[in-house]
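Coordinate inspection notes
One-letter residues, chain by chain:
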Amino acid sequence: MYDPTQLRTFLAVAQTLSFTQAARRLGLRQSTVSQHVRRLEDAAGRQLFSRDTHSVELTEDGEAMLGFARRLLEVHEQAAAFFSGTRVRGRLRFGASEDFVLTRLPEILEGFRYDHPEVDLELTVELSGTLHEQLADGKLDLVLAKRRPEDPRGTLVWQDDLVWIGAERLRLDADRPVPLIAYPPPGITRARALQALERQGREWRIVCTSGSLNGLIAAARAGLGVMAHSRRLIPPGLFRLPDRAGLPELGKVDFVLVHGRRPTAAQGAANALAAAVLAGGERLRRRGG
């Protein structure tokens, strides 16, 4: 009833909320992406997206289709692997940025290990900048992290706004340097925050540095200062600072999957995990529980 190709296209649009970005991710023309979605909507007899010239949003039926599409594709891929006789195996070195510590990424990895028991998965959790460096050095096979501005590589998982967050009671004094909570270099959000403040001509001072997201959260909850963070991944107990705080816009950030430049024995396992992450991408925007 539901074509796997159309389901994959639907997931790409649902995760990026953009027909253009979905087409780029899938290597298709935008007209083909629109055709796939229209045929899936015809098969379901429901409208899955509400769209105009400015935005794309999932309808209530589209939200329901997310779960069905993911499960249908998982079963389809399991059946294809079983009957083709191909088994993904080998050692896979996977790096995920600190941003995903509090999300449902562990559920995706658990499902991957269940589906591919012969893959020896090694997980590294680090700063996005550090993961990109390790990937370039051949120390990792696949990375899920923020995209570096100077590096166009990577398959887009989703795009988000970077925002300033802090404790609810925090108040900033316009006449004093901005108290900044940040990852150490080469943290990507750190660099973006400093660049934005310097463009605005706003003075700043580092009040907390930690390579651990939990360390940064603890400092922010204590009211020590502000930090730049993905809007969809704001941790519990922290809040987006209002515009009246006077802090500069931080722009958008891309979360991407990047493969190593050189083919390795782990290529098949890396491709399988990348497919699992993309299929379950909407779960990455939710906190684990």
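Residues numbered from 1 in each chain as written. Predicted model: local features only at pLDDT ≥ 70, side-chain atom pairs only at ≥ 80, totals over all residues. Heavy atoms only, no water.

Quick look at the pattern of salt bridges
All told, the structure shown has nine salt bridges when counted by the stated rule. Between aspartate 141 and arginine 93 there is a salt bridge; the shortest N-O distance is 2.9 Å. In this pair, aspartate 141 sits in the loop between α6 (128-136) and β5 (142-146) while arginine 93 sits in strand β3 (residues 90-97), placing the two residues 48 residues apart along the sequence. Relative accessible area serves as the criterion here: at 7%, aspartate 141 is assigned to the buried category. Judged by relative accessible area, which is 17%, arginine 93 ranks as buried. Two residues, arginine 104 and glutamate 107, come together in a salt bridge whose shortest N-O distance is 2.7 Å. Looking at arginine 104, the relative accessible area reads 25%, which means it is partly exposed. Via salt bridges that share partners, Asp161, Arg231 and Lys252 belong to a single interconnected network. (Salt bridge = Lys/Arg side-chain N within 4 Å of Asp/Glu carboxyl O. Helix = DSSP H or I, 4+ residues; strand = E, 2+ residues; numbered from the N terminus. Buried < 20%, exposed > 50% of the residue type's maximum accessible area, 1.4 Å probe, protein only.)

Details of the environment of arginine 38
Its location among the elements puts arginine 38 in helix α3 (residues 30-44). Judged by relative accessible area, arginine 38 falls into the partly exposed class, the value being 43%. Residues arginine 38 and leucine 48 lie ten residues apart in sequence; the distance between their C-alpha atoms is 9.0 Å.

Looking at the environment of lysine 139
As for its placement among the helices and strands, lysine 139 is situated in the loop between α6 and β5. The exposure class assigned to lysine 139 is exposed, which follows from its relative accessible area of 52%. Spatially, the C-alpha atom of lysine 139 lies 9.5 Å from that of phenylalanine 94, the residues being 45 residues apart in sequence.

Concerning empty space enclosed by the protein
One pass over the full model with this rule turns up three cavities of 30 Å³ or more. When its volume is computed, the largest cavity comes out at roughly 60 Å³. In terms of lining residues, the largest cavity is bounded by Leu180, Ile181, Ala182, Tyr183, Thr189, Arg190, Ala193, Leu216, Met227 and Ala228. Tallied by class, the residues present in the lining of the largest cavity amount to eight nonpolar, one polar and one charged. (1 Å grid on protein atoms, 1.4 Å probe; cavity = no way out; pocket = protein on both sides within 12 Å on 5 of 7 lines; lining within 4 Å. Points joined across faces, edges and corners; volume = space filled by probe spheres on them. Nonpolar A, V, L, I, M, F, W, Y, C, P; charged D, E, K, R; others polar.)

By themselves, these figures tell us nothing about what the structure is for.
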